[in-house]
Amino acid sequence: MSSTGEDKFRDPRILAERPLPQDGRDRSKARRKKRLARSVKVNLSESPLGWLHARGHLTDRQLDSGEKLRTDWERANLSPSVTMHWNITPPSGGRRGAPDGLNPTEAQVAAKQRFDNAIAYLGSDLSDIAWRIICAGEAVPAAEKGLGWPARSGKLVLKIALDRLDDFYRLP
């Protein structure tokens, strides 16, 4: 199998083994060569929200509201269509009928408006942690460090932001 320049940057592993943070690292020579007693397999493609939810730190409703914000963010950043659509039949099925839904550009604009309104609803105190973890995919400790917050405060503030997003999106 020939390897191209692309292949050497692609990691085929989805799961990786990581030491648990509370185990600590012993610096002695005898312990250095041994594998840590406790480790966990981590899905490298999992979002920080999915990770928190899988470990019972977030409710289903909080996960849904975070995923809704992330979906709006992703849809808002899609590039608009550059060329016209070459569909054979009009979307409504008739020659001059109204279209069935929003075209891709209108859907992108609507997602951008929803995202902007959700961030404004969160306010400046909650939007920064929400954007970093939900949209940018930063881990909670990295977001805390980037914001200059004390350790273990980001998860609590994120939960408050997700509860507020629940209200904004009116999830059941």
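Check the entry above for the structure.
Scoring rules and cut-offs
Residues numbered from 1 in each chain as written. Predicted model: local features only at pLDDT ≥ 70, side-chain atom pairs only at ≥ 80, totals over all residues. Heavy atoms only, no water. Helix = DSSP H or I, 4+ residues; strand = E, 2+ residues; numbered from the N terminus. Buried < 20%, exposed > 50% of the residue type's maximum accessible area, 1.4 Å probe, protein only. Contact = heavy atoms within 4.5 Å. Areas by Shrake-Rupley, 256 points an atom, 1.4 Å probe, with all protein chains shown as cover. Expected span 1.5 Å × (residues − 1). Arc of directions from axis to C-beta. Salt bridge = Lys/Arg side-chain N within 4 Å of Asp/Glu carboxyl O. Core = buried A, V, L, I, M, F, W, Y, C linked by side-chain atoms within 4.5 Å. Phe/Tyr/Trp six-rings, centres within 6.5 Å; stacked < 30°, edge-to-face > 60°.

Before going further, it helps to spend a moment on the overall build of the protein chain. Each helix and strand in the protein chain was counted, giving seven helices and two strands. Element order for the protein chain, N to C, with α for helix and β for strand: β-α-β-α-α-α-α-α-α. The 172 residues of the protein chain split such that 22% are buried. The contacts of the protein chain with a sequence gap of at least 6 include a subset with a gap of at least 24, amounting to 63%. In the structure as shown, the protein chain presents an accessible area of about 12700 Å², 54% of it carried by carbon and sulfur atoms.

Looking now at helix α4 (residues 104–122). One turn of an α-helix holds 3.6 residues; hence residues three or four places apart share an orientation. Over its 19 residues, α4 extends 27 Å from the first C-alpha to the last, a length consistent with the 27 Å expected when each residue adds 1.5 Å. Every buried residue of α4 is listed here: Gln 108, Ala 110, Ala 111, Phe 115, Ala 118 and Leu 122. Taken down its axis, α4 places every buried residue within 165 degrees of arc, on the same side. Next to the buried residues of α4 lie α3 (60–76), α5 (124–135) and α7 (154–169).

Within the secondary structure, Leu 122 is located in helix α4. C-alpha separation for the pair Leu 122 and Leu 165, spaced 43 residues apart in sequence, amounts to 7.2 Å. Excluding residues that lie within four positions of it along the chain, Leu 122 makes contacts with Ser 127, Ala 130, Ala 161, Arg 164 and Leu 165.

The full count for this structure, using the stated rule, is six salt bridges. The closest approach of N and O atoms between Arg 132 and Glu 138, which form a salt bridge, is 3.4 Å. Overall, Glu 138 belongs to the partly exposed group, its relative accessible area being 23%.

Another point: α3. Its 17 residues give α3 an end-to-end C-alpha distance of 24 Å, which sits within 8% of 24 Å, the value for a rise of 1.5 Å per residue. Those residues of α3 that fall on the buried side of the exposure criterion are Gln 62, Leu 63, Ser 65, Gly 66, Leu 69, Asp 72 and Ala 76. Packed against the buried residues of α3 are α2 (48–54), α4, α5 and α7.

Core analysis: the biggest nonpolar cluster contains 21 residues, and Leu 49, Leu 69, Ile 134, Leu 158, Leu 162 and Leu 165 have the highest contact counts within it. When contributions to this core are tallied by element, the ones reaching two or more residues are α2, α3, α4, α5, α6 (140–147) and α7. If near-sequence neighbours (up to four positions away) are discounted, Leu 165 is found in contact with Ser 65, Leu 69, Ala 118, Leu 122 and Ile 134.

This next bit is on the packing of aromatic side chains. Here the structure, examined in full by the defined rule, presents three aromatic pairs. Plain terms: the ring middles of Trp 73 and Trp 131 are 6.5 Å apart, the flat faces sit at 80 degrees to each other, and that makes the pair edge-to-face. A residue pair is termed long-range when its members are at least 10 positions apart, and Trp 73 in helix α3 and Trp 131 in helix α5 qualify at 58 residues. Relative to Phe 168, the ring of Tyr 121 has its centre 5.5 Å away and its plane inclined at 40 degrees; by these criteria the two rings are tilted. In this pair, Tyr 121 sits in helix α4 while Phe 168 sits in helix α7, placing the two residues 47 residues apart along the sequence. Residue Tyr 121 is classed as partly exposed on the basis of its relative accessible area, which comes to 38%.

These values are about where atoms sit, not about what they do.
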